[in-house]
Amino acid sequence: MLTFYHSKGSCSDGILYLLHELGAEFTLNTITLAKGDGQTPEFKAMNPKGKVPALVLDDGQTLTEFPVIAQYLARSHPEAGLWPEDMMAQMRLQEMLDYLIATVHMRAFTFVLVPKRFHPDEAMQADLATYGRAEIAKGFEVLSATMGDRDYLLGDFSIADTALFFLLNWADRLEVPVPGNLKACHDRLKARPAHAAMMAEA
Ligand SMILES: N[C@@H](CCC(=O)N[C@@H](CS)C(=O)NCC(=O)O)C(=O)O
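How each quantity is defined
- Residues numbered from 1 in each chain as written.
- Predicted model: local features only at pLDDT ≥ 70, side-chain atom pairs only at ≥ 80, totals over all residues.
- Heavy atoms only, no water.
- Buried < 20%, exposed > 50% of the residue type's maximum accessible area, 1.4 Å probe, protein only.
- Helix = DSSP H or I, 4+ residues; strand = E, 2+ residues; numbered from the N terminus.
- Right-handed = clockwise from strand over helix to strand, strands pointing away.
- Pairing = 2+ DSSP bridges.
- Contact = heavy atoms within 4.5 Å.
- Lys, Arg positive; Asp, Glu negative; His and termini not counted.
- Salt bridge = Lys/Arg side-chain N within 4 Å of Asp/Glu carboxyl O.
- Domains from an automatic or database assignment.
- Axes fitted to C-alpha atoms, helices over the stretch in contact; angles between N-to-C directions.
- Left-handed = near helix turned anticlockwise from the far one by under 90°.
- Nonpolar A, V, L, I, M, F, W, Y, C, P; charged D, E, K, R; others polar.

**Student:** Quick rundown of the pairing of strand β1 (residues 2–6)? Include the residues and the values.
**Tutor:** Of all the five residues making up β1, five are buried; the element is thus mostly covered by neighbouring parts of the structure. Handedness of the crossover is the feature at issue here: the chain leaves β1, passes through helix α1 (residues 12–22), returns alongside strand β2 (residues 26–30), and the resulting connection is right-handed. Bridging between β1 and strand β3 (residues 54–56) involves three bridges; their strand directions are antiparallel. Bridge pairing in β3 places Y5 opposite A54.

**Student:** Go over the environment of F26 with me, naming the residues and quoting the values.
**Tutor:** Position of F26 relative to the elements: it lies in strand β2. Measuring from C-alpha to C-alpha, the distance between F26 and Q71 comes to 16 Å, with 45 residues separating the pair along the chain. Apart from the residues within four sequence positions on either side, F26 is in contact with M1, L2, F4, L16, L19, H20 and E201.

**Student:** How would you explain the side chain of D161 if you had to name every residue and give the values?
**Tutor:** Structurally, D161 can be placed in helix α6 (residues 159–173). Although buried, D161 forms no salt bridge, and the nearest oppositely charged side chain, R192, lies 7.4 Å from it. What D161 contacts, discounting residues up to four positions off in sequence, is Y152, L153, D156, C185 and L189.

**Student:** How would you explain the domain arrangement of the chain if you had to name every residue and give the values?
**Tutor:** What the domain assignment lists for the chain is domain 1 (2–81) and domain 2 (87–192). Between the C-alpha centres of domain 1 and domain 2 the distance comes to 20 Å. Facing the 14 residues of domain 1 at the interface are 16 residues of domain 2. Taken together, domain 1 and domain 2 are joined by one salt bridge.

**Student:** How would you summarise the pairing of β2 if you had to cite specific residues and measurements?
**Tutor:** Taken together, the five bridges between β1 and β2 define a ladder with parallel strand orientation. Considered in β2, the bridge of F4 is made with L28.

**Student:** How would you explain the environment of M124 if you had to name every residue and give the values?
**Tutor:** With respect to the secondary-structure elements, M124 resides in helix α5 (residues 122–147). According to the relative accessible area criterion, M124 is partly exposed, its value standing at 36%. Once the C-alpha coordinates of M124 and A24 are considered, the two residues, 100 residues apart in sequence, prove to be 44 Å apart.

**Student:** So what's going on with the packing of helix α3 (residues 66–76) against helix α4 (residues 87–113)? Residues and values would help.
**Tutor:** Relative to each other, α3 and α4 sit at 145°, their axes nearing to 9 Å. Between α3 and α4 lies a crossing whose hand is right-handed. On α4, the residues touching F66, P67, A70 and Q71 of α3 are Q94, L97 and I101. Residue classes in the contact of α3 with α4 are distributed as five nonpolar, two polar and no charged.

**Student:** Give a detailed account of the sheet that holds β2, specifying residues and quantitative values.
**Tutor:** Pairing within the open sheet is mixed, and its four strands lie in the order β2-β1-β3-β4. The two strands at the open ends of the sheet, each matched to only one other strand, are β2 and β4 (62–64). Averaged over all pairs of adjacent strands, the angle between strand axes in this sheet comes to 20°, irrespective of strand direction. Contacts from α3 reach β1, β3 and β4, with the element oriented near 120° to β4.

Now the structure itself:
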């Protein structure tokens, strides 16, 4: 059985959504990052990075990094049809996941969410947060243009949308402006049964 390490309101919300979307069997282990649960010796023995999401497989190996966990889950649940057969479609999916995580999450939202991590000075933190908001706007512009008038980021629902899901949750929380088509996609994602299933666990 898979064991999933999660902290509510974090990026691991996207993987929790995906686990439900796939109908995967898993044990949920919810921690609270804000309380330092990711830094305990027990947690670090499982994931030395001290971060979520982390997925422990049947054989005891731990997988980390959102794009890798998402790909693993899609490929290990082929019946859900969330891993495309066509190589170019696979590349586009990985390209999108990498952009969502490495750029929009790590190089934009992170500066707004945890500017203290980057500088002790409060004025510098405010500048970092301003920079982060500008980078989010640029990221959302790219995502909005890519999605166009389709229902999901790459047309049909894909594992990339599970990353978009948590980013749009953060945008709401931080009152960041969201382009209309991404907002509509967020509503569609919240209307899927996977969302109701994950909320029932809250
Ligand atoms: N690159 C990682 C990022 C994971 C990450 O930054 N997770 C945050 C929660 S959104 C975390 O666990 N932060 C705790 C910490 O940095 O101490 C991924 O793609 O999974």
